[in-house]
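Coordinate analysis (summary)
The lines below spell out each chain.
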Amino acid sequence: MTTGTEIDADLRPVLPLTAEVNAAGHLAIGGCDAVELAREFGTPLYVFDEADLRDRCREYVREFSARLPDVGVLYASKAYIGKALAQLLADEGLGLDVVSGGELAIARVAEFPLDRVYFHGNNKGREELAEAVAAGIGRVVIDNFRDIELLDEVAREAGVRQPVLLRVTPDVDPHTHSHITTGVLDSKFGFALAEGQAEEAMKRALAAPNLDVVGVHCHIGSQLFETEPYAAAIEKTLAFAADMRRHGLNLREFSPGGGIGIQYTRHEGPPPLATFAETIATAIKGACARLGLEIPRVTVEPGRSIVGRAGVALYSVGSRKDVPGVRTYVAVDGGMADNIRPAIYDAKYEALAAGRPLAALEELVTVVGKYCESGDVLVRDVRLPHLEAGEVLAIPASGAYCLSMASNYNAALKPPIVFVRDGKARLVRRRETYADLLATEVD
């Protein structure tokens, strides 16, 4: 770490925009002292920097709108969604990508404009589709043949002609973790271009009297650092759309999906958003020119890259175990129940002592959780000050997928969430209680 009041420059890209060292020598976010936040709300605690969230929303709108004539930015709710975040996104003019009736319910409770909501998923239930159509959802993304039949029936019963996008798998390798690769041939999502599957799906969807096929969609994966896979997927998908004109497709919308990565560790970061926006826009305009297509409305679907950096997880240090010559374990009061990403993706994080972020890094430790799994590791081999029990440990870049994938493993209570801005903290989700844990039990 540096001396003075500046956070180590290498950590700056993984911390929220407003992160700083305050007069007390503590980590502060949104003008709020992280140690005081931990004391007030308890730990584990998830803190979101509202200024960072809004800045990323505006950056997406700015970078894509500067390059394409008609753009919609849809936040991918699966990264994390709650009522307060949905209201912030609506305020910033974004749309939502939802994948379940539950995510749609959150949007409705937040009074999110439903014409800006798109419903994805590879196995949508009839009840979910009926709720979505009845609520006036903007688009349903058709993912399989059952979707076509079921949604056509649901729309007929509702007396509407439902706008849809057809999702295709362009068979492009995005060079990311296999669990978050979605655009290759061997994927559970979408219609393969190979063997005419996507063409057959398009013919059926166009023939369905209660569906209005407005365009096509593809999504190749998540946490992407390379731009070329986007260009390749766009070329293949738009070539398919151009060919489908012979079956009557009038391409009015196109989505290249989302998946742009964020920086989790000090030395590994993606290109800036402007680079991705330029690649995507150039590929779309170039393909449309070659194929004789009008440039359609383009929707992009960022999730992680909106919320990831804005969120910081705070934990309290508990026990430690020294294995001489092997490893030192430092345990905290959370772990895989609130952040399972290291266990299932081998995800890497940084960590810092919230109460003394400028202190000398005295030892190499592995930060582990409290749950009954050897794989309950949050950060492996990170340099930190010698931590004492009760100190607050911050893990940056925790805004995406930690909360949405959280569980009650070992009957853990899901953590509270606060939004911080201008020195004020707003509790947007309280900590679960034992009563919450037992509420669904039936005598």
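Use the structure listed above.
What comes next is a walk through the structure.

Looking at the sheet that holds strand β3 (residues 32–33)
- Taken together, 3 strands build an open sheet; the order of strands is β1-β2-β3 and the sheet is antiparallel. Of all strands in the sheet, those with a lone pairing partner are β1 (20–21) and β3, marking the two edges.

Describing the nonpolar core
- Core analysis: the largest hydrophobic core is formed by 110 residues, its most contacted members being Phe48, Tyr75 and Leu89.
- Considering each element in turn, this core owes the most residues, 9 residues, to helix α9 (residues 273–291).

Some points on helix α8 (residues 228–243)
- Its 16 residues give α8 an end-to-end C-alpha distance of 23 Å, which sits within 8% of 22 Å, the value for a rise of 1.5 Å per residue.
- Turning to α8, its buried residues number three or more, namely Pro229, Tyr230, Ala231, Ala233, Ile234, Thr237, Leu238, Phe240, Ala241 and Ala242.
- Where α8 is buried, its residues contact β9 (162–169), α7 (197–207), β11 (211–217), β12 (253–257) and α9.

Section: the side chain of Thr328
- With respect to the helices and strands, Thr328 occurs in strand β15 (residues 327–332).
- Overall, the relative accessible area of 14% leaves Thr328 in the buried class.
- Within the structure, the side chain of Thr328 is placed 2.8 Å from the side chain of Asp322, a separation counted as a polar contact.

Let's talk about the packing of helix α6 (residues 145–158) against α7
- Close contact between α6 and α7 brings their axes to 10 Å; oriented N to C, the two are set at 5°. For the element pair α6 / α7, the angle class is roughly parallel. Facing Phe145, Ile148 and Glu149 of α6, the residues of α7 in contact are Gln197, Glu200, Ala201, Arg204 and Ala205.
- Grouping the amino acids of the contact of α6 with α7 by side-chain chemistry returns 4 nonpolar, 1 polar and 3 charged.

Some details on the environment of Gly136
- By the secondary structure assignment, Gly136 is in the loop between α5 (126–135) and β8 (139–142).
- Between the C-alpha atom of Gly136 and that of Gln162, which follows or precedes it by 26 residues, the distance is 8.9 Å.
- If we ignore the near neighbours within four places in the chain, the residues touching Gly136 are Leu114 and Asp115.

Focus on the pattern of salt bridges
- Counted by the stated rule, this structure contains 33 salt bridges.
- Linking Arg39 and Glu36 is a salt bridge whose minimum nitrogen-to-oxygen distance equals 2.3 Å. Residue Arg39 and its partner Glu36 are both found in helix α1 (residues 34–41); the two are separated by 3 residues, about one turn of the helix.
- What makes Arg39 exposed here is its relative accessible area of 57%.
- Under the relative-accessibility criterion, Glu36 is labelled partly exposed at 39%.
- A salt bridge links Arg320 to Glu363; its shortest N-O distance comes to 3.0 Å.

Concerning unusual backbone geometry
- Backbone torsion omega between Thr43 and Pro44 reads -5°, so that peptide bond is classified as cis.
- Even without glycine at this site, Gln223 takes up a positive phi of about 55°.
- By the secondary structure assignment, Gln223 is in the loop between β11 and α8.
- Although it is not a glycine, Asp346 sits at a positive phi angle of roughly 55°.
- Along the chain, Asp346 falls in the loop between α11 (341–345) and β16 (352–353).
- Judged by relative accessible area, Asp346 falls into the exposed class, the value being 52%.

Focus: α6
- Its 14 residues give α6 an end-to-end C-alpha distance of 20 Å, which sits within 8% of 20 Å, the value for a rise of 1.5 Å per residue.
- Taken residue by residue, α6 has Asp147, Ile148, Leu150, Leu151, Asp152, Val154 and Ala155 as its buried positions.
- Contacts made by the buried residues of α6 are with α5, β8, β9, β10 (191–192), α7 and β11.
- Of the residues that open α6, the one with a side-chain oxygen 3.2 Å from the backbone nitrogen of Arg146 is Asn144.
- Gly159, located one to two residues past α6, shows a positive phi value of around 75°.

Points about the packing of aromatic side chains
- For the coordinates displayed, the defined rule picks out 7 aromatic pairs.
- In this structure an aromatic cluster arises from ring pairing among Phe48, Tyr80 and Phe419.

Side note on the side chain of Asp212
- Assignment of secondary structure puts Asp212 in strand β11.
- Setting aside chain neighbours within four positions, we find Asp212 in contact with Arg161, Gln162, Pro163, Val164 and Arg252.

A word on the environment of Val392
- Of note, Val392 is situated in strand β19 (residues 392–395).
- Judged by relative accessible area, which is 10%, Val392 ranks as buried.
- Remark: the alpha-carbon pair of Val392 and Tyr80, spanning 312 residues in sequence, is separated by 24 Å.
- The residues touching Val392, leaving out its near neighbours within four places in the chain, are Ala38, Leu314, Tyr315, Leu352, Ala353, Ala354 and Gly355.

Looking at the packing of helix α4 (residues 101–109) against α5
- The contact between α4 and α5 brings their axes to 10 Å, and the two run at 25°. Between α4 and α5, the angle falls in the class roughly parallel. Between α4 and α5 the crossing geometry is left-handed. For the pair α4 and α5, contact is made by Gly101, Leu104 and Arg108 and by Glu128, Glu131, Ala132 and Ala135, respectively.
- Tallied by class, residues from the contact of α4 with α5 come to 3 nonpolar, 1 polar and 3 charged.

Thresholds applied
- Residues numbered from 1 in each chain as written.
- Predicted model: local features only at pLDDT ≥ 70, side-chain atom pairs only at ≥ 80, totals over all residues.
- Heavy atoms only, no water.
- Pairing = 2+ DSSP bridges.
- Helix = DSSP H or I, 4+ residues; strand = E, 2+ residues; numbered from the N terminus.
- Core = buried A, V, L, I, M, F, W, Y, C linked by side-chain atoms within 4.5 Å.
- Buried < 20%, exposed > 50% of the residue type's maximum accessible area, 1.4 Å probe, protein only.
- Expected span 1.5 Å × (residues − 1).
- Contact = heavy atoms within 4.5 Å.
- Polar contact = N/O pair within 3.5 Å; in protein donor to acceptor, adjacent residues only side chain to side chain.
- Axes fitted to C-alpha atoms, helices over the stretch in contact; angles between N-to-C directions.
- Parallel < 35°, antiparallel > 145°, perpendicular 65-115°, else oblique.
- Nonpolar A, V, L, I, M, F, W, Y, C, P; charged D, E, K, R; others polar.
- Salt bridge = Lys/Arg side-chain N within 4 Å of Asp/Glu carboxyl O.
- Phe/Tyr/Trp six-rings, centres within 6.5 Å; stacked < 30°, edge-to-face > 60°.
- Left-handed = near helix turned anticlockwise from the far one by under 90°.

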